[in-house]
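Structural description and commentary
One letter stands for each residue in the lines below.
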Amino acid sequence: MQQEPAPLSRYLRVRQDRGHTVLEFRGEIDIVAAEEIAPRLDEATAPPAPRIVIDLSPVEFFDASGLRLLYRARSRVLARDGRLSLVCVHPPTLRVLRVAGLARLLPPLPTLEAALDVLPLHPARQQSPPPLQG
């Protein structure tokens, strides 16, 4: 179930969607925006096993400050045994992610739907391979 977004700032909108926290970065993500976003990002990634989607679809500009936010989110989510997915289709932002090597660690997905599908609420249990017959 989707909740209406909380109007946190002009750079960030946070909402719940199907059990996931969606952080939608907006506008120009630079050092000023990062200072506003960082406390909210830390809050969202604080619980155990967080399910986070960072949506960069509305981003118009993205610099090293934005990269630091993504690396921080990834680190915090992994430390808490959570899941993180990234949505990005903006070519200049994708270029920044690729050059920085972050696209390999956090592969960008084309839509929010795709990101939510990648992050199941209850991960499937890995099944053991069948015993060898011989």
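To be clear, the structure that these remarks concern was listed above.
Residues numbered from 1 in each chain as written. Predicted model: local features only at pLDDT ≥ 70, side-chain atom pairs only at ≥ 80, totals over all residues. Heavy atoms only, no water.

Glancing now at the overall build of the chain. Across its full length, the chain holds five helices and eight strands. When the helices and strands of the chain are read in sequence order from the N terminus, they spell out β-β-β-β-α-β-β-α-β-α-α-β-α. A burial count over the chain gives 41% of its 134 residues as buried. Of the roughly 8000 Å² that the chain leaves accessible, carbon and sulfur atoms contribute 54%. (Helix = DSSP H or I, 4+ residues; strand = E, 2+ residues; numbered from the N terminus. Buried < 20%, exposed > 50% of the residue type's maximum accessible area, 1.4 Å probe, protein only. Areas by Shrake-Rupley, 256 points an atom, 1.4 Å probe, with all protein chains shown as cover.)

Here the focus is the side chain of D55. Within the secondary structure, D55 is located in strand β5 (residues 51-55). The side chain of D55 sits in the buried core without any salt bridge; R15 is the nearest counter-charge, 4.7 Å away. For D55, the residues in contact, after removing those within four places along its chain, are V22, L23, E24, F25, V87 and L112. (Lys, Arg positive; Asp, Glu negative; His and termini not counted. Salt bridge = Lys/Arg side-chain N within 4 Å of Asp/Glu carboxyl O. Contact = heavy atoms within 4.5 Å.)

A positive phi angle, near 50°, is found at R18, a position not held by glycine. With respect to the helices, strands and loops of the structure, R18 is situated in the loop between β2 (12-17) and β3 (20-25). For R18, a relative accessible area of 34% puts it in the partly exposed group. With a phi angle near 50°, A49 is a residue other than glycine that sits in the positive phi range. Position of A49 among the secondary structure elements: in the loop between α1 (31-44) and β5.

Glancing now at the pattern of salt bridges. Here the structure, examined in full by the defined rule, presents seven salt bridges. As a salt-bridge pair, E113 and R18 come within 2.7 Å of each other at their nearest N and O atoms. Placement of E113 in helix α5 (residues 112-118) and of R18 in the loop between β2 and β3 is noted, with a sequence separation of 95 residues between them. In this structure, a network of salt bridges that share partners links the residues R13, R15, E24 and R26.

Turning our attention to α1. It helps to recall that an α-helix has 3.6 residues per turn; residues three or four apart then point in one direction. With 14 residues, α1 extends 20 Å between its outermost C-alpha atoms, agreeing within 8% with the 20 Å of an ideal straight helix rising 1.5 Å per residue. Along its length, α1 reaches its greatest deviation from straightness, about 35°, at I37, and the proline P39 lies no more than four positions downstream. (Expected span 1.5 Å × (residues − 1). Bend = angle between axes of the 7 residues up to and from the residue.)

Taking burial as the measure, the five residues of β5 include five buried ones, the bulk of the element. Side chains R51, V53 and D55 of β5 all project onto a buried face; the interleaved residues I52 and I54 project onto the opposite face, where all are buried too. Examined bridge by bridge, β3 and β5 share four bridges and lie parallel to one another. Bridge pairing in β5 links T21 to I52. Relative to strand β7 (residues 83-87), β5 is paired through five bridges, and the arrangement is parallel. (Pairing = 2+ DSSP bridges.)

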